[in-house]
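A closer look at the structure
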Amino acid sequence: MKAIKVILIIGHGLIHILGFAKTFGGYTNVISSKISSFSRLFWLIASILFLVSAILYTFNKSYWYIVLLFILILSQTLIITYWNDAKWGTILNLFMLLLVATHYGNAQFERNIEKESQHILNADKSEALELLDQQKLKELPVAVRNWLIASNALDVHKTRNVRLKQIGQMKTKPNGKWIDFRAQQYFTTSPPAFLWTAKVDATPFLKLSARDLFMEGAGKMNIQLGGLIPIVDEGPNTKINSGTMLRFLAEICWFPTAAYSDYITWESVDNITAIATFNMGETSVTGKFNFTEKGEFKSFEAQRYYGSGKQSMLEDWLIEVMAYDEFDGVVIPSKAKVTWNLQEGAFTWIMLEVMELEYNTYKPYEQL
């Protein structure tokens, strides 16, 4: 899609050549109005700068849209001056202006993400990596101990923070179509927090930017179309807060040493099942961890609010593992699907794959 945008910018620039070529053979009838030599120079400059902005955009230069905005002002001035011949160029300029606006909106969104991700990765300022408490291990349910052994978590230091990359597909409604997404996520375990940010291919020219944040016991969800149009802006509130807490609890499957954390209490059910309760301030959430006979994390289930409005109700929420892989020496779920078991039927809304994962790092990823 980026290639199409580049072609459109270059094509619009080539159209401006017509103004410069007004007096040359073969072009005399394209623009009927008389154009002075001085004006022809500006048509040429606009054409060249359109090409420059396309090159800057191709090579991901952050200031490309500023160059394009300057050109659009020049271009529209020329179009107004020669309105009868060039008025249709206004449509292309409006499209280019949309490109500028969406890029600016996305850039602002990314700057906020960068600040929040850095804040999460640097939340734990302790100098030394903490070793696992062997005494506390004995106090955990058998199913949880077997999980920590099977995942190789006992062979590493306690996780301080995490960064990971995902790809996958999601649906926005049960009868909707699958749409591709790519995401980055950051966790800290002390204090517990996460930031998930994603780009979703909603339309050929506009993408959805999503942000799910849990920090200081509060949750917040933002979704924007093209960096401009707010689709979702929820939280913090009771339902969002508990939902993001449940998400954090479920996703410790990617950093198993968090099972040792003081804010999580465990209750044994049997050798392959344990109930976990996550306490944060005045809010408490509970979920069931299911494991295989080998000790592998198999699934997580809980009651979670479906939606966040006044009409949202508690529904069965299920995470199921489809594959495992080893990252940074720890065996974790690498593929999973998330399903809402609603009264009208099961709604699998996301299928994801972890592509990269790293523990105890302080450097955020490059922008999505």
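Note that the structure is a prediction, hence the values are computed from the model and not measured. (Residues numbered from 1 in each chain as written. Predicted model: local features only at pLDDT ≥ 70, side-chain atom pairs only at ≥ 80, totals over all residues. Heavy atoms only, no water.)

1. Points about the overall build of the protein
On a plain count of helices and strands, the protein comes out with 8 helices and 13 strands. In summary, the protein has a C-alpha radius of gyration of 27 Å against a globular reference of 21 Å for 368 residues, an excess of more than 25%. Counting only residues that meet the buried cut, the protein has 48% of its 368 residues in that class. Sequence-distant contacts, at least 24 apart, represent 55% of the contacts inside the protein between residues at least 6 apart. For the protein, the distance from the average position of its 35 positive side-chain charges to the average position of its 35 negative side-chain charges is 12 Å. (Helix = DSSP H or I, 4+ residues; strand = E, 2+ residues; numbered from the N terminus. Rg over C-alpha atoms; globule rule 2.2 N^0.38 Å. Buried < 20%, exposed > 50% of the residue type's maximum accessible area, 1.4 Å probe, protein only. Contact = heavy atoms within 4.5 Å. Lys, Arg positive; Asp, Glu negative; His and termini not counted. Charge placed at Lys NZ, Arg CZ, Asp CG, Glu CD.)

2. Comments concerning the packing of aromatic side chains
In total, this model carries 26 aromatic pairs according to the counting rule given. Ring centres of Phe-187 and Trp-254 lie 6.4 Å apart, and the angle between their planes is 65°; on these two criteria the pair is classed as edge-to-face. One end of the pair, Phe-187, is in strand E2 (residues 179-189); the other, Trp-254, is in the loop between helix H8 (238-250) and strand E7 (264-270), with 67 residues separating them in the sequence. Judged by its relative accessible area of 0%, Phe-187 is buried. Here Trp-254 falls in the buried class, since its relative accessible area comes to 4%. What links up through ring pairs into an aromatic cluster is the set Trp-147, Trp-266, Phe-289, Phe-291, Phe-297, Phe-300, Tyr-306, Trp-317 and Trp-340. Across the ring face of Tyr-365, the terminal group of Arg-163 is positioned such that the distance to the ring centre comes to 4.3 Å. (Phe/Tyr/Trp six-rings, centres within 6.5 Å; stacked < 30°, edge-to-face > 60°. Lys NZ or Arg CZ within 6 Å of the ring centre and 35° of its normal.)

3. Overview of the nonpolar core
Ranked by internal contacts, the top residues of the largest apolar core, which has 65 residues, are Trp-254, Trp-266 and Phe-300. The contact partners of Phe-300, leaving out residues within four places of it in the chain, are Leu-246, Leu-249, Ala-250, Gly-287, Lys-288, Phe-289, Trp-317, Leu-318 and Ile-319. Residues Ile-9, Phe-50, Leu-72 and Leu-99 belong to the second largest nonpolar core, which totals 14 residues. (Core = buried A, V, L, I, M, F, W, Y, C linked by side-chain atoms within 4.5 Å.)

4. Observations concerning unusual backbone geometry
The omega torsion of the bond from Ser-190 to Pro-191 falls at 5°, within 30 degrees of zero and hence cis. As for its position among the elements, Pro-191 is in the loop between E2 and strand E3 (192-200). Of note in the backbone geometry, Asp-328 takes a positive phi value of approximately 55° without being a glycine. Tracing the backbone through its elements, the reader meets Asp-328 in the loop between strand E11 (313-327) and strand E12 (330-342). Its identity as a non-glycine residue notwithstanding, Asn-360 has a phi of 50°, on the positive side.

5. Observations concerning the side chain of Gln-185
On the secondary structure map, Gln-185 appears in strand E2. Exposure remark for Gln-185: the relative accessible area of 0% places this residue in the buried category. Looking at Gln-185, its side chain comes within polar contact range of the side chain of Glu-251, at 2.8 Å. (Polar contact = N/O pair within 3.5 Å; in protein donor to acceptor, adjacent residues only side chain to side chain.)

6. Things to note about the side chain of Thr-90
Of note, Thr-90 is situated in helix H5 (residues 89-121). In this structure the side chain of Thr-90 is engaged in a polar contact, spanning 3.0 Å, whose partner is the side chain of Gln-76. Apart from residues no more than four positions distant in its own chain, Thr-90 is found in contact with Gln-76, Ile-79 and Trp-83.

7. Some points on the pattern of salt bridges
Close approach of charged atoms allows side chains with opposite charge to pair. Overall, the coordinates contain 8 salt bridges when judged by the stated rule. Measuring nitrogen to oxygen at the nearest pair gives 2.7 Å for the salt bridge that ties Glu-116 to Arg-211. Pair noted here: Glu-116 is in helix H5 and Arg-211 is in strand E4 (residues 208-215), with a separation of 95 residues, a long-range link. As far as burial versus exposure is concerned, Glu-116 and Arg-211 are alike and both buried. For Arg-163, the salt bridge goes to Glu-358, with nearest N and O atoms at 3.1 Å. Here Glu-358 lies in strand E13 (residues 345-359) and Arg-163 lies in strand E1 (residues 161-170), a separation of 195 residues in the sequence. Accessibility expressed as a relative area gives 14% for Arg-163, which makes it buried. (Salt bridge = Lys/Arg side-chain N within 4 Å of Asp/Glu carboxyl O.)

8. Points about H8
End to end, H8 covers 18 Å across 13 residues, agreeing with the expected 18 Å (1.5 Å per residue, within 8%). For H8, the side-chain oxygen to backbone nitrogen distance between the N-cap and Lys-239 is 3.1 Å, and the N-cap itself is Asn-237. (Expected span 1.5 Å × (residues − 1).)

9. Some remarks on the pairing of strand E8 (residues 273-280)
Looking down a regular strand, the side chains alternate between one sheet face and the other. Most of E8 sits out of view: 7 of its 8 residues are buried. The loop that links E7 with its antiparallel partner E8 comprises 2 residues. Of the pairings in the sheet, the one linking E8 to strand E9 (residues 283-291) comprises 8 bridges and is antiparallel in character. Among the inter-strand pairings, Phe-278 is bridged to a residue of E9, identified as Val-285. Following E8, the chain reverses through 2 residues before pairing antiparallel with E9; Gly-281 in that reversal takes a positive phi of roughly 60°. (Pairing = 2+ DSSP bridges.)

10. As for a nonpolar patch on the surface
Taken together, the side chains of Ile-10, Leu-14, Leu-51, Ile-55 and Phe-59 make up a nonpolar region of the molecular surface, amounting to roughly 480 Å² of accessible area. Secondary structure elements with two or more residues in the nonpolar patch: helix H1 (2-20) and helix H2 (37-58). Its place among the elements puts Ile-10 in helix H1. (Patch = residues over 30% accessible without salt bridge, like charges linked within 9 Å, V, L, I, M, F, W, Y side chains within 5 Å. Areas by Shrake-Rupley, 256 points an atom, 1.4 Å probe, with all protein chains shown as cover.)

11. Here we look at the pairing of E3
With 9 of 9 residues buried, E3 lies mostly within the body of the structure. By the alternation rule, side chains of E3 split into Pro-192, Phe-194, Trp-196, Ala-198 and Val-200 and Ala-193, Leu-195, Thr-197 and Lys-199, which are all buried. Alignment of E2 against E3, held across 9 bridges, turns out to be antiparallel. Bridging across to E3, Gln-184 finds its partner in Thr-197. From the end of E2 to the start of E3, which pair antiparallel, there are 2 residues.

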